[in-house]
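Coordinate analysis (summary)
As a plain string of letters, each chain reads:
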Amino acid sequence: MHKFILILLFVLTLFSCGTDTDTGEFTVGSDYLALSNKVIMIDTVTVEMSTINFDSLATSNRGRILIGNYDDPIFGKVKSDSYFQLSTSNYALSSVGSDTESVNYVFDSISMILKYDRYYYGDTTKVQTFNIHRLIQKVKPNSEDDNFYNNSTLSYNPESLGTISYRPSPLHKDSINVKMSKEFGEALFQKIKKREITDYDSFTEYLKGLVLVPETSNSSSAIGFSVSTSKVRMYYSKYQADVEEVSYILDFQILDATKQFNSISSDKTGTILQNLPVSSSKLSSILTNNQGYIQSGTGVACRVDFPNIKQFKNISANGAIVDAELILKPVNNSYSEKYPLADSLTVYVGDNLNRISGTLVNAAGTSVYGKLNQKSDEFNENVGYYISVGTFLQKEMLKQSDSRSSLILTLPGIAQSVNRIVLGDQKHLNNKIQLKIYYISY
């Protein structure tokens, strides 16, 4: 018992950061060691928080057309354009057996049908407006890895091929229908009718692709549509056909999902994050109201460091971190029905230059996530993300080199959404990050 008291006094002296110390002791079960012993719980270890910004996120081949814009009170003006290349399985009109038969077909109309995928972010009660434009550049990545990124763009014709102003209903309706330019549709129809377009190459040479661009005059929300079920549909019919005869259709779809991407941007001018540094650096929470920030789509992430963890080796000649829990608290009033909290956080391990080496794992090698506890209480004191970090901190403590790893926190769907969150650091007035370490000496 005398040795235990000395260890505890040493820990209290070594690790102090302005919070009360909660010490406890319990019998270690089979999950920790195969013998009975006593453990001290330490919750005064320094935890540093900062905000980083990745250079880019690969947004192609994600299965979602993300379109919209809104003014975020914390992160600034958020906007997503969606680029894609169309194609079809049959570059011919219905049952065309000869050129003389094709003469009987006439163009009726053309529309874009976008199927909701139930994702939305922002205020869907307000009207959202976007335009369809024709690309003048092929959907071909400049990079060597065949990906498009959130900062990728392609040149397009400023003339609109179609526009829609609508109130999004992603949970109550199936799709939206955007009527497109009759001149555009007629020209495409004639190309196919005259057999000037007969295959993928001739089609994509004529129509390189389309882009959906939201208008910035009205800000409201970002809406997700399905890549696999959205399409451009051409309607045509027989010349002087019977009134009861149904129109023919020809669908153009995104058959190659690698040729679709979302260009997601955020204008942070005038916000607390307007001086966010390059991807290899970090912005300390001391400079951002004692808060760390995460935003999907734009590459903003929260970094957590444990600068004193190696000093645990000085506590005892034979000791180990048997468990540890990191609790991150969303800042009060930073989330709402319009900006809801995600159910979990994705946790990566990074180096001092924010280069990711992999996901955080436990002793069994299974990925560890931050799990949201959102039990109602009067002051939201229970709301937080709980992350098991014992295995990670034990490895950090035993490192022989001077290098230190950090944890990098993002939200699920980082490359196909615009969700965001604000977290408090150790000095935040109401929503402090907490770290509880259970250490055994044997």
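Our next topic: the overall build of the protein. Within the protein, the secondary structure is distributed over five helices and 24 strands. Every one of the 442 residues in the protein was classed for burial, and the buried ones make up 51%. Restricting the contact set of the protein to residue pairs at least 6 apart, pairs at least 24 apart contribute 80%. Element-wise, carbon and sulfur atoms account for 47% of the exposed surface of the protein, whose accessible area totals about 21,100 Å².

Right, let's talk about the side chain of Ser-202 for a bit. By the secondary structure assignment, Ser-202 is in helix α4 (residues 200–206). Engagement of the side chain of Ser-202 in a polar contact is seen with the backbone nitrogen of Thr-198, the distance being 3.0 Å. Within polar-contact distance, the side chain of Ser-202 engages the side chain of Asp-199 at 2.7 Å. In this view, Ser-202 contacts Glu-196 and Ile-197; residues no more than four positions away in its chain are not counted.

Here we come to the pairing of strand β2 (residues 48–53). With respect to burial, β2 is a largely interior element, five of its six residues being buried. Direction of pairing for β2 relative to strand β16 (residues 300–305): antiparallel, over a ladder of six bridges. Residue Ser-50 lies in a different strand from β16, and its bridge partner there is Arg-303. As judged from the two bridges shared by β2 and strand β14 (residues 283–284), these two strands associate in the antiparallel manner. Its bridge partner lying in β14, Ser-50 is registered against Ser-284.

A complete count under the given rule lists 13 salt bridges for this structure. Between Lys-77 and Asp-71 there is a salt bridge; the shortest N-O distance is 3.5 Å. For Lys-77, a relative accessible area of 46% corresponds to the partly exposed category. When salt bridges that share partners are traced, they join Lys-231, Arg-233 and Asp-251 into one network.

Take the environment of Ser-82 next. Within the element layout of this structure, Ser-82 appears in strand β4 (residues 76–84). In sequence terms Ser-82 and Ser-60 are 22 residues apart; their C-alpha atoms lie 9.9 Å from each other. Not counting residues up to four positions away in its chain, the partners in contact with Ser-82 are Ile-65, Leu-66, Leu-210, Val-211, Leu-212, Gln-260, Phe-261 and Asn-262. Looking at Ser-82, its side chain comes within polar contact range of the side chain of Gln-260, at 3.0 Å.

Further remarks concern the confidence of the model for the protein. Detailed reading of predicted coordinates is not advised where the pLDDT is low. Overall, the predicted model of the protein reaches an average pLDDT of 89, with 87% of residues at or above 70. Confidence drops under a pLDDT of 50 for residues 1–35, and excluding neighbours within four residues, the segment shows 59 contacts in the predicted structure.

This part is about the pairing of strand β13 (residues 260–267). Within β13, six of the eight residues are buried, leaving the element largely enclosed by the surrounding structure. Where β4 and β13 come together, eight bridges link them in antiparallel fashion. Residue pairing across strands places Lys-77 opposite Asp-267, the latter belonging to β13.

Attention shifts here to the environment of Ala-58. With respect to the helices, strands and loops of the structure, Ala-58 is situated in the loop between β2 and β3 (64–72). Residues Ala-58 and Ser-263 lie 205 residues apart in sequence; the distance between their C-alpha atoms is 9.8 Å. For Ala-58, the residues in contact, after removing those within four places along its chain, are Asn-147, Phe-148, Tyr-149 and Ala-415.

Right, let's get into helix α3 (residues 182–193). Between its first and last C-alpha, α3 extends 16 Å over twelve residues, near the 16 Å set by a 1.5 Å rise per residue. When α3 is considered as a whole, its buried residues turn out to be Phe-184, Gly-185, Leu-188, Phe-189, Ile-192 and Lys-193. What you see down the axis of α3 is that its buried residues fit within an arc of 160°, all on one side. Once α3 finishes, Arg-195 follows within two positions and takes phi at roughly 65°, a positive value.

Looking now at the packing of aromatic side chains. A full pass over the atoms with the stated rule returns 17 aromatic pairs. Measuring from centroid to centroid gives 6.1 Å for Tyr-70 and Tyr-339, while their planes differ by 35°, and the two rings are tilted. Taken together, the residues Tyr-70 in strand β3 and Tyr-339 in the loop between β17 (319–328) and β18 (344–350) connect sequence positions 269 residues apart. A ring pair is formed by Phe-203 and Phe-252, whose centres lie 5.2 Å apart and whose planes are at 0°; its orientation type is stacked. Taken together, the positions of Phe-203 in helix α4 and Phe-252 in strand β12 (residues 248–253) put the pair 49 residues apart, joining distant regions of the chain. A residue is classified by how much of its surface remains accessible, and Phe-203, at 0% relative accessible area, is buried. For Phe-252, a relative accessible area of 1% puts it in the buried group. Through pairs of rings, three or more aromatic residues link up here, namely Tyr-105, Phe-107, Phe-189, Tyr-236 and Tyr-248. When the ring centre of Tyr-206 is taken as origin, the NZ or CZ atom of Arg-134, which lies over that ring, is 4.7 Å away. One residue, Arg-420, lies across the ring of Tyr-339, its end atom 4.2 Å from the ring centre.

Rules used throughout
- Residues numbered from 1 in each chain as written.
- Predicted model: local features only at pLDDT ≥ 70, side-chain atom pairs only at ≥ 80, totals over all residues.
- Heavy atoms only, no water.
- Helix = DSSP H or I, 4+ residues; strand = E, 2+ residues; numbered from the N terminus.
- Buried < 20%, exposed > 50% of the residue type's maximum accessible area, 1.4 Å probe, protein only.
- Contact = heavy atoms within 4.5 Å.
- Areas by Shrake-Rupley, 256 points an atom, 1.4 Å probe, with all protein chains shown as cover.
- Polar contact = N/O pair within 3.5 Å; in protein donor to acceptor, adjacent residues only side chain to side chain.
- Pairing = 2+ DSSP bridges.
- Salt bridge = Lys/Arg side-chain N within 4 Å of Asp/Glu carboxyl O.
- pLDDT = per-residue confidence, 0-100.
- Expected span 1.5 Å × (residues − 1).
- Arc of directions from axis to C-beta.
- Phe/Tyr/Trp six-rings, centres within 6.5 Å; stacked < 30°, edge-to-face > 60°.
- Lys NZ or Arg CZ within 6 Å of the ring centre and 35° of its normal.

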